[in-house]
Amino acid sequence: MRKGVLRPGHIQLRVLDLEASVEHYVELLGLHETDRDEQGRVYLKAWSEVDKFSLVLREANEPGMDFMAFKVVDDATLETLTADIEAFGLEVTHKAAGDLKDCGRRIQFTAPSGHVFELYAEKTYTGKWGVEETNPEAWPRALRGMKAVRFDHCLLYGDELAKTFDLFVDVLGFYLAEQVIDPDGNRIAQFLTLSMKAHDIAFIQHEEKAKFHHASFFLETWEDILRAADLISMTDTSLDIGPTRHGITHGKTIYFFDPSGNRNEVFAGGDYMYPDHNPITWKAEDLGKAIFYHDRVLNERFLTVLT
Amino acid sequence: MSDYVITEQHSQQSFTCKQDEFVLKAMENHGLHAIAVGCRGGGCGVCRVKVIAGSYECARMSKAQVSTEQQQQGYALACRLKPTSDLIIECSPSPLAITGLTGVAKAKPKHTEVIK
Ligand code: FES
Ligand SMILES: [Fe+2]
């Protein structure tokens, strides 16, 4: 049941070299730098996003994800969800408006998987980059690199998936779109959505908490994925795997790494979801096909290369 | 510019590496698999090695994979490691990088494959 959580809002990533990372996300992914703050953090967004930023980069000693945030409909919802999350048994901390530039107050909590999540209701609305709201052109002409359309989802690795499922489904109002079940009946992967998208957030069972697998950006077509692959070669960027297709979600995809080893994905297409749809189930025995539909085997990196 | 010889102890594989080249990249260019290849960006720790002999420099690496203390003991991420002499190294993937998925076949650390 919907709880007033709208959509993915932003992600803050730690990087070892800020300027090299900005170049990667701007010149290769095609994001736009929208601001910087006194802490030295850089704010970026993809062109079709209406709020001021969806990616925040912070220079640090260890790459990985600081937090991922979801936008909620209004401040009253934020209030209600704060109580609900506390009732679920998690500690909620409060970040004042402006702690992230041009973002309203945020609440933070650590999911049982070990990842920090945030909810917020307000962020400065800057509109889509490079197109008008009235009679908009099809796309802005001044796009660079892969021309990423939007920040789409994250895949995270951690343990306590069952409790994490309860948090996201019962408290935050996500739906289960797809899952991987092992022979003992345990859910070892869960793809959750707030929308018609095949996933807004996904988790895979892993012994260690709080690991980051990838942040994914949407492209329109398979041709765009091939062009992304060309750009990865042209820039000698670290390739993980692809272009290929996932079994889960059926999205067409390519995985690669930012200069600090955080995995990125660009993907196109994929299945859709309504709340009345039964979840799709994949068997753990067929995980290779579920993850990489063409190769039908996992590359070792999929399970072990994390930040 | 000099080429240095890098030798990985477990596999007994050797390859050349240019002075300004990262060891992991040189290994990949030679089509070898002595060291596991991950992110190539100093983040994931699967390419961690211990330098047994030789001198070198390191670009910035994740402290979660190689702490300051470990760095002083000679640990390094091969994807961030540049030789300034011939090197003898030994694979030593970060323990963080070799925990796998529970419930399904675990990915095994690469170095057990190259020992044989
Ligand atoms: S390959 Fe990831 S740290 Fe070297
Ligand atoms: Fe993805």
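Residues numbered from 1 in each chain as written. Chains lettered and ligands numbered in written order. Predicted model: local features only at pLDDT ≥ 70, side-chain atom pairs only at ≥ 80, totals over all residues. Heavy atoms only, no water.

Considerations on the coordination of the iron ion (ligand 2)
Residue and element names in this part refer to chain A. The iron ion (ligand 2) binds to the protein through His153 (NE2), His214 (NE2) and Glu265 (OE), with metal-donor distances spanning 2.1 to 2.2 Å. Each donor residue of the iron ion (ligand 2) lies on the same chain, and together they follow the pattern H-x60-H-x50-E. One end of the pair, His153, is in strand β9 (residues 150–158); the other, Glu265, is in strand β16 (residues 263–268), with 112 residues separating them in the sequence. Summarising the burial analysis for this pair, His153 and Glu265 share the class buried. (Donors = N, O, S within 2.8 Å, 3.2 Å for Na, K, Ca; no water. Helix = DSSP H or I, 4+ residues; strand = E, 2+ residues; numbered from the N terminus. Buried < 20%, exposed > 50% of the residue type's maximum accessible area, 1.4 Å probe, protein only.)

Overview of the UniProt feature "domain: VOC" (unreviewed entry) in chain A
Residue and element names in this part refer to chain A. Feature annotation in UniProt assigns "domain: VOC" (unreviewed entry) to the following positions: residues 7–122 and 150–269. For residues 7–122, the end-to-end C-alpha separation is 13 Å, with 22% helix and 39% strand making up the annotated structure. Helix and strand shares over residues 150–269 are 20% and 46% respectively, and the end C-alpha atoms of the span are 13 Å apart. (UniProt positions renumbered as here; feature names shortened; annotations may be inferred.)

Details of helix α2 (residues 75–88) of chain A
Residues and elements named next belong to chain A. Taking 1.5 Å per residue as the helical rise, α2 with its 14 residues ought to reach 20 Å, and the 20 Å between its terminal C-alpha atoms agrees with that figure. Lining the buried residues of α2 we find β1 (5–15), β5 (64–72), β6 (93–95), β7 (106–110), β8 (116–120) and α3 (161–171). Note on α2: the residue one or two positions beyond its end, Gly89, has a positive phi of about 110 degrees. (Expected span 1.5 Å × (residues − 1). Contact = heavy atoms within 4.5 Å.)

Focus: the packing of aromatic side chains
Overall, the coordinates contain 15 aromatic pairs over all chains when judged by the stated rule. Ring centres of Phe292 of chain A and Phe302 of chain A lie 5.6 Å apart, and the angle between their planes is 80 degrees; this geometry places the pair in the edge-to-face category. Taken as a pair, Phe292 of chain A in the loop between α5 (287–291) and α6 (300–304) and Phe302 of chain A in helix α6 lie far apart in primary sequence, ten residues in all. Summarising the burial analysis for this pair, Phe292 of chain A and Phe302 of chain A share the class buried. Counting every residue linked through ring pairs, the aromatic cluster contains Phe70, Phe117, Phe168, Phe174 and Phe203 of chain A. Over the face of the ring belonging to Tyr255 of chain A we find Arg263 of chain A, whose NZ or CZ atom lies 5.7 Å from the ring centre. Against the face of Phe22 of chain B rests Lys82 of chain B, its NZ or CZ located 4.8 Å from the ring centre. (Phe/Tyr/Trp six-rings, centres within 6.5 Å; stacked < 30°, edge-to-face > 60°. Lys NZ or Arg CZ within 6 Å of the ring centre and 35° of its normal.)

Thoughts on the pattern of salt bridges
All names here are of chain A. Overall, the coordinates contain 26 salt bridges over all chains when judged by the stated rule. Glu33 is the salt-bridge partner of Arg36, the closest N and O atoms lying 2.6 Å from each other. Given a relative accessible area of 30%, Arg36 falls into the partly exposed group. What you see here is one network of salt bridges that share partners, running through Asp35, Lys52, Lys101 and Asp102. (Salt bridge = Lys/Arg side-chain N within 4 Å of Asp/Glu carboxyl O.)

Notes on the side chain of Glu21 of chain B
All names here are of chain B. For Glu21, the position within the fold is in the loop between β2 (13–18) and α1 (23–29). Buried charge without a partner: Glu21 forms no salt bridge, and the closest opposite charge is Lys18, 4.6 Å away. A polar atom in the side chain of Glu21 sits 3.0 Å from the backbone nitrogen of Lys18. Polar contacts involving the side chain of Glu21 include one to the side chain of Asn29, which spans 3.3 Å. Ignoring sequence-local partners within four residues, the contact set of Glu21 consists of Ala26, Asn29, Leu81, Lys82 and Pro83. (Lys, Arg positive; Asp, Glu negative; His and termini not counted. Polar contact = N/O pair within 3.5 Å; in protein donor to acceptor, adjacent residues only side chain to side chain.)

So, the packing of α2 of chain A against α3 of chain A
All names here are of chain A. Orientation of α2 relative to α3, taken along the N-to-C sense of each, is 150 degrees, at an axis distance of 11 Å. It follows that α2 is roughly antiparallel to α3 by the angle criterion. For the pair α2 and α3, the crossing hand works out as right-handed. On the side of α2, the interface is formed by Leu81, Asp84, Ile85 and Phe88, while α3 contributes Lys163, Asp166, Leu167 and Val171. In the contact of α2 with α3, the residues fall into five nonpolar, no polar and three charged. (Axes fitted to C-alpha atoms, helices over the stretch in contact; angles between N-to-C directions. Parallel < 35°, antiparallel > 145°, perpendicular 65-115°, else oblique. Left-handed = near helix turned anticlockwise from the far one by under 90°. Nonpolar A, V, L, I, M, F, W, Y, C, P; charged D, E, K, R; others polar.)

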